[in-house]
Amino acid sequence: MKQLLILLSLSFVFASCSTQQQADLIVINSNTYTVNEQFEKAAAFAIKDGKFIAIGTSEEIQEKYKSKNIIDAKNQTIVPGLIDAHCHFYGMGMQQQKVDVSGTKSYDEVLEKLVAFQKEKNSTFITGRGWDQNDWEEKEFPTKEKLDKLFPTIPVAITRVDGHALLVNQAALNLSEITKDTKISGGEIILKDGELTGILIDAAMDFIKIPNSSKEETIKGLLDAQKISFSYGLTTVDDAGINRKTIELIDSLQQVGSLKMRIYAMISGDNQKEIDYYINNGIVKTDRLNVRSFKVYGDGALGSRGAAMRKPYSDRENHFGALIYSPERYQEIAKQIAASDFQMNTHAIGDSANTWLLKTYKQVLRNEKNRRWRIEHAQIIAPNDFELFNNILPSVQPTHATSDMYWAKDRIGETRMKGAYAFKDLLNKYGKIALGTDFPVEQVNPFLTFYAATIRKDLSNYPENGFQMENALSREETLKGMTIWAAYSNFEEGEKGSIEVGKFADFVILNQDIMKVEGNKIPNTKAVSTFLNGEKVY
């Protein structure tokens, strides 16, 4: 009898094993935030053919599935693959090939970095990015005199951190045939005492003839950007404003498997030929590339006083900033896109730019549902304009708030600050909000996004009670904004943004529970491992 029971037991075990389904990867004993509709947690999941096939307890998954690859997460926190809803992936990659002057604390430090870079690279045209005069003791724009002395014959053009101002030397001005009498619209050539300072704002920057990068440099830049992004848990990036040539190179690299990053490519709306091409040829969609939107610039940046304001800047008399194009041009672009299946995503910082773009959107969309047109940044909103976001999706970058909070009030005054960086108010109007970083304007690190959105302080714990905390987001809202809501903003919520059966197996293992750790410890969060399609990419 005893032997019979043993045989029956063994038969049951063997039968159970034989009915187990094969998985490519199983993860057990985790603290997983699925970010599904109920925001449920799970302990385990199974993956096959690059997609989640089951989510549940460790016991349930191990009973039903078997795999040669099993990860015991040992209660580490797992979240869906992070999505940066607004960044400059290609631009950040190309920046790795140029001089980096971000984080500099003075103009002299910028010059020192330029000299060191040139000594190493011996470039025929020095380019770079990252300076911010607001971080210097002297907060005025730099001028080109010192550049001219250091580089009398080598052209130099270095972009401000926000990408809306350019510092150049006389050699670059001469090469581009720019004089104090050059006329431009949609930007500004800044003069002092009637002479060129070397500072160009917004559309004026396009006059500088910077040599194109080689294909080899471009490929290296994209792969460098991928490596950096994976290290922070990013599995999808929304590249805000790239041209057809770059998009087609990205597609070719993805097809051969060297570029694995999922990219939501916003086509630059600066070129009418490219708008016509994509609208005539239609949406491009693969598992890793989605081309269905146009990025248009509404105005400049607040830091360079290029944001278009309803009333003059508080710290510059009779200066309003400016729209990049005429109001009629925005209507033309919006009407053409509205007649297609494409999405329009417009950069709007100042309250005047936001007013105009929101009204233009409303006019051409005629209350069509589910177009998901986006206002990128939505930084300063007039009180009456919040209501216009009922059908327009806000896409914001929380670290802009904590970067700008030191000087923004000086720029626009206390009254307008009430509608600035108002993430919670925007969320309440639309019901969702997409979160990004705008890197390399800000750091790539998405955990700083999480910190800025929820705690609204800098890394030195300033201000003590947080910056305009009435507009802080909850941790759940923030994680959704970096995953499922960001996916929604890309029309991709059915394939990514949460850990659910049938979706791409994109997930990140974290070194701490970002949903529960003390607020001041959020910036210490790191990606232990990043998985895309169930494949470990970091």
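Residues numbered from 1 in each chain as written. Predicted model: local features only at pLDDT ≥ 70, side-chain atom pairs only at ≥ 80, totals over all residues. Heavy atoms only, no water.

## Things to note about helix H10 (residues 327-338)
Then step 1. If you check H10, its first and last C-alpha atoms are 16 Å apart, about what 12 residues at 1.5 Å a residue would give, namely 16 Å.
Then step 2. Residues of H10 that are buried make contact with helix H9 (272-281), strand S20 (289-297), strand S21 (343-348) and helix H11 (351-365). (Helix = DSSP H or I, 4+ residues; strand = E, 2+ residues; numbered from the N terminus. Expected span 1.5 Å × (residues − 1). Contact = heavy atoms within 4.5 Å.)

## Thoughts on the sheet that holds strand S15 (residues 187-192)
Then step 1. Spatial strand order, S11-S12-S13-S14-S16-S15: six strands in an open sheet with mixed pairing. This sheet does not close on itself; its edge strands, each paired only once, are strand S11 (99-100) and S15.
Then step 2. The sheet contact formed by S15 and strand S16 (residues 195-202) spans five bridges and is antiparallel. Each bridged residue has a counterpart across the sheet, and for Lys192 the counterpart in S16 is Glu195. (Pairing = 2+ DSSP bridges.)

## A short note on the pairing of strand S6 (residues 51-56)
Then step 1. The sheet contact formed by strand S5 (residues 44-48) and S6 spans five bridges and is antiparallel. Of the residues in S6, the one forming a bridge with Ile47 is Phe52.
Then step 2. Taken together, S5 and the strand that follows it, S6, pair antiparallel across an intervening segment of two residues, in which Asp49 is found at a positive phi of about 55°.

## Observations regarding the environment of Tyr406
Then step 1. With respect to the helices, strands and loops of the structure, Tyr406 is situated in the loop between helix H12 (398-404) and helix H13 (408-417).
Then step 2. Looking at Tyr406, the relative accessible area reads 43%, which means it is partly exposed.
Then step 3. For the pair formed by Tyr406 and Met94, sequence separation is 312 residues and the distance between their alpha carbons is 29 Å.
Then step 4. Those residues in contact with Tyr406 that sit more than four places away from it in its chain are Asp458 and Tyr462.
Then step 5. One polar contact links Tyr406 to Asp458, side chain to side chain, over a distance of 2.6 Å. (Buried < 20%, exposed > 50% of the residue type's maximum accessible area, 1.4 Å probe, protein only. Polar contact = N/O pair within 3.5 Å; in protein donor to acceptor, adjacent residues only side chain to side chain.)

## Regarding the confidence of the model for the protein
The predicted structure's coordinates, where accompanied by low pLDDT, should not be read in detail.
Then step 1. Scored by pLDDT, the protein comes out at a mean of 94, with 97% of its residues at no less than 70.
Then step 2. Counted against residues more than four places away or in other chains, residues 4-16, with its pLDDT under 50, gives zero contacts. (pLDDT = per-residue confidence, 0-100.)

## As for the nonpolar core
Then step 1. Among the nonpolar cores identified, the biggest contains 96 residues, and Phe89 and Leu302 are the most heavily contacted of them.
Then step 2. If one sorts the elements of this core by residue count, H11 sits on top with six residues.
Then step 3. For Leu302, the residues in contact, after removing those within four places along its chain, are Ala307, Tyr313, Ile349, Gln379, Ile380, Trp407, Ala408, Arg411, Ile412 and Tyr421.
Then step 4. Counting 20 residues, the second largest nonpolar core, distinct from the first, contains Leu111, Trp131, Phe141 and Leu147. (Core = buried A, V, L, I, M, F, W, Y, C linked by side-chain atoms within 4.5 Å.)

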